[in-house]
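Residues per chain are reported as follows:
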Amino acid sequence: MTCINFQNQAYRVAKHYWHGTHRTASPEETLERVRPYFKSIGLTRIANVTGLDRIGIPVTMSYRPNSYSVATSSGKGTTLEEAMVSAAMESIELYCAETIDLPEIILPYAQLAKHYPVIALEHLPLRENSLFSVKRPEQWCLGWDIFNQNEVAVPIQSVSMNYHRYWYNDFSSLGSFDMGSNGLASGNHFLEAVSSALYEVIERDAVSCHLEALLKGYGIPRVPVETIEYPLVLELLAQFESAQLVPTLFDCSVDTEVPVYRAYVYDPSGYAPSSHGYGAHLDPEVAMVRALIEAAQIRAILISGARDDIFHQYYTMLRGQANRGYQTNHLESHSPTVEATQTSQATPTFEEDIEILLKKLKRVGLDQVIVFDLSPRDWDISVVRVIVPGLEASFHRKYNPKQRAIAFAERQYAASVESKAGRTREADTHLPAGGTP
């Protein structure tokens, strides 16, 4: 029988909720489960901001004024209960990552590698202009590699979201490593959380590969609406269209062979900037649903102006795109369409889904999947951080692509007969729903 082993303990759990997402419990059950923790994490309220826009897809925002990362989190869903759970869980994830108290190892990388399995140098998440040196002491912590069943040392900044401690006030590391929410996820069960985290890191890798290729002149394949047969996806597309918006889906899948989609929503009225969202899942319908509702979420967030990790420059960029007729240029720049013919590979259990994902990662040469259990003791909820060395991180303004994105862009550019020589494009910024990129 399939199981996922973490720190010498076997985990299995079946799915019990299937509606645009796969969970072990319904949104209503989950909300009641997490509500008692709101006071502990400093969550003061969850606001329903759906009415700020005209789409009607539920969007919420949760507030933690004393956060050590971002004070506002956001949620989305096909129902208001889903959106409320989404926002609450993001707040819980960030709180757990901000308040972790992992044993620290302070050693130079060169010495660390003599005592512990480590992440290869070329896969370390160095930040822009990093002063990292293999001879200078850094702060590390130990996670569990579910591939190789051993502990692995990783930069503690890759796990924590406590910016006060590891970025602003601690100069010992000189900001060697990037910090962000990539791979931070929660769930009703440990495997539900691990599954969500894996989808996130796989999604952001695929998106970063495609956006790097876009900069080199290769468009992201569009998905013709007439090839989509998933009822919930068609319902969401109709909801955008009835609000007089123009939704477009793009296939961002890469060699991991996990369905990844990008939803781009254009507003001809100019009421709000264009927005986009992303989704990944073994079930392509779920991936599309996630992309579409995230696009609605980002649009509502931009209208509200309430997120403390979206800055003035981003609005300026969006206005500039609109002034240049971005809609026409953006869509025309993409390559011929790819039909929505992918079939679901999802299973009835989370352990089987995770096993499929691990095999896909292994096939492309990614042989470390490092998991941290950040769940507070005695809480009836799971929070994890998953790190897959070698996958690309979120594509953002200061993003420096590594081997996978560069190689993907080179392959796509070489294979594209429709690329226009000398044409440059402005890539989008992927704003992660869980916090700063």
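Residues numbered from 1 in each chain as written. Predicted model: local features only at pLDDT ≥ 70, side-chain atom pairs only at ≥ 80, totals over all residues. Heavy atoms only, no water.

**Some details on the pattern of salt bridges**
- Counting across every chain of the model gives 14 salt bridges.
- Among the salt bridges present, the one from Glu-32 reaches Arg-35, with a minimum N-O distance of 3.4 Å.
- Residue Arg-35 is classed as partly exposed on the basis of its relative accessible area, which comes to 37%.
- We note a salt bridge from Asp-267 to Arg-54, for which the minimum N-O separation is 2.9 Å. On the criterion of sequence distance, the pair formed by Asp-267 in the loop between strand S14 (260-266) and strand S15 (275-280) and Arg-54 in the loop between strand S5 (45-48) and strand S6 (59-63) is long-range, its members being 213 residues apart.
- Each of Asp-53, Arg-54, Asp-267 and Arg-299 takes part in salt bridges that share partners, so that together they form one network. (Salt bridge = Lys/Arg side-chain N within 4 Å of Asp/Glu carboxyl O. Buried < 20%, exposed > 50% of the residue type's maximum accessible area, 1.4 Å probe, protein only. Helix = DSSP H or I, 4+ residues; strand = E, 2+ residues; numbered from the N terminus.)

**Some details on helix H12 (residues 403-415)**
- With 13 residues, H12 should cover 18 Å at 1.5 Å per step; its first-to-last C-alpha distance of 18 Å lies within 8% of that length.
- The set of residues buried in H12 consists of Arg-404, Ala-405, Phe-408, Ala-409 and Gln-412. All buried residues of H12 fall inside an arc of 125 degrees around its axis, so they share one side. Exposed side of H12, more than 90 degrees from the buried face: Glu-410 and Ala-414 are the residues found there.
- At its buried positions, H12 is contacted by helix H6 (190-215). (Expected span 1.5 Å × (residues − 1). Arc of directions from axis to C-beta. Contact = heavy atoms within 4.5 Å.)

**A few points about the environment of Ser-62**
- Assignment of secondary structure puts Ser-62 in strand S6.
- For the pair Ser-62 and Leu-43, spaced 19 residues apart in the sequence, the C-alpha separation amounts to 6.9 Å.
- Other than its neighbours up to four places away in sequence, Ser-62 contacts Leu-43, Arg-45, Ile-46, Ala-71, Thr-72, Ser-73, Ala-87, Ala-88 and Ser-91.
- At 2.7 Å, the side chain of Ser-62 and the side chain of Ser-91 are in polar contact. (Polar contact = N/O pair within 3.5 Å; in protein donor to acceptor, adjacent residues only side chain to side chain.)

**Describing the sheet that holds S5**
- Pairing in this open sheet of 3 strands is antiparallel, and the strands run S5-S6-S7 from one edge to the other. With one partner strand each, in any of the chains shown, S5 and strand S7 (72-76) form the two edges of the open sheet. Across the sheet, the mean angle separating the axes of adjacent strands is 25 degrees when strand polarity is ignored.
- Across 4 bridges, the pairing between S5 and S6 is antiparallel. The partner of Ala-47 across the bridge, within S6, is Met-61.
- Sitting on the sheet, helix H3 (residues 80-98) touches S5, S6 and S7, and the angle it makes with S7 is about 145 degrees.
- Sheet strands touched by helix H8 (residues 284-304): S6 and S7. Its angle to S7, the strand with the most contacts, is close to 140 degrees. (Pairing = 2+ DSSP bridges. Axes fitted to C-alpha atoms, helices over the stretch in contact; angles between N-to-C directions.)

**A closer look at the packing of H6 against H12**
- Contact geometry for H6 and H12: axes closest at 8 Å, N-to-C directions at 50 degrees. In terms of orientation, H6 lies oblique with respect to H12. Handedness of the crossing formed by H6 with H12: right-handed. Facing H6, whose interface residues are Asp-205, Ser-208, Cys-209, His-210, Glu-212 and Ala-213, H12 presents Arg-404, Ala-405, Ile-406, Phe-408, Ala-409 and Gln-412.
- The class makeup of the residues in the contact of H6 with H12 is 6 nonpolar, 3 polar and 3 charged. (Parallel < 35°, antiparallel > 145°, perpendicular 65-115°, else oblique. Left-handed = near helix turned anticlockwise from the far one by under 90°. Nonpolar A, V, L, I, M, F, W, Y, C, P; charged D, E, K, R; others polar.)

**Description of the nonpolar core**
- Membership of the largest hydrophobic core comes to 43 residues, with the highest contact counts inside it found for Val-34, Ile-92, Trp-140, Val-154, Val-159, Phe-372 and Leu-374.
- By residue number, the principal contributor to this core is H3, which donates 7 residues.
- Those residues within four positions of Phe-372 in sequence are excluded, and the remaining contacts are Leu-102, Cys-141, Leu-142, Gly-143, Val-154, Val-159, Val-383, Val-384, Arg-385 and Ile-387. (Core = buried A, V, L, I, M, F, W, Y, C linked by side-chain atoms within 4.5 Å.)

**A short note on the packing of H6 against helix H11 (residues 350-363)**
- At a minimum axis separation of 9 Å, H6 and H11 run at an interaxial angle of 30 degrees. Taken as axis vectors, H6 and H11 run roughly parallel relative to one another. Helix-helix and strand crossings are classified by hand; for H6 and H11 the assignment is left-handed. Residues Leu-191, Glu-192, Val-194, Ser-195, Leu-198, Tyr-199 and Ile-202 of H6 lie in contact with H11, whose contacting residues are Phe-350, Glu-351, Asp-353, Ile-354, Leu-357 and Leu-361.
- Its residues assigned to classes, the contact of H6 with H11 shows 9 nonpolar, 1 polar and 3 charged.

**Details of the packing of aromatic side chains**
- Applying the stated criterion across every chain, the model contains 8 aromatic pairs.
- On the basis of an interplanar angle of 45 degrees and a centroid distance of 4.9 Å, the ring pair of Phe-6 and Phe-190 is categorised as tilted. With Phe-6 in strand S1 (residues 4-6) and Phe-190 in helix H6, the pair connects residues that are 184 residues apart, well separated along the chain. Like Phe-6, the residue Phe-190 is buried in the burial classification.
- Where Phe-132 meets Phe-177, the ring centres are 5.5 Å apart and the plane angle is 55 degrees; that geometry is what we call tilted. Of this pair, Phe-132 sits in the loop between helix H4 (109-115) and strand S9 (137-145) while Phe-177 sits in the loop between helix H5 (163-168) and strand S11 (184-187), and the two are 45 residues apart along the sequence.
- Phe-132 sits in the buried class, given a relative accessible area of 17%. (Phe/Tyr/Trp six-rings, centres within 6.5 Å; stacked < 30°, edge-to-face > 60°.)

**Here we look at the side chain of Thr-21**
- Inspection of the secondary structure assignment puts Thr-21 in the loop between strand S3 (17-18) and strand S4 (22-23).
- A distance of 3.3 Å separates the side chain of Thr-21 from the side chain of Arg-23, its partner in a polar contact.
- Beyond its immediate sequence surroundings of up to four residues, Thr-21 is in contact with Val-286 and Arg-290.

**Notes on the sheet that holds strand S13 (residues 246-251)**
- Pairing within the open sheet is antiparallel, and its 4 strands lie in the order S12-S13-S14-S15. Looking along the sheet, the strands with just one partner apiece sit at the ends: strand S12 (222-223) and S15.

**Side note on unusual backbone geometry**
- Although it is not a glycine, Glu-257 sits at a positive phi angle of roughly 60 degrees.
- Inspection of the secondary structure assignment puts Glu-257 in the loop between S13 and S14.
- On the basis of relative accessibility, which here comes to 47%, the residue Glu-257 falls in the partly exposed class.
- Despite not being glycine, Asp-378 has its phi angle at roughly 75 degrees, a positive value.
- Along the chain, Asp-378 falls in the loop between strand S16 (370-373) and strand S17 (382-387).

So far we have only geometry, and geometry alone does not tell us how the molecule works.
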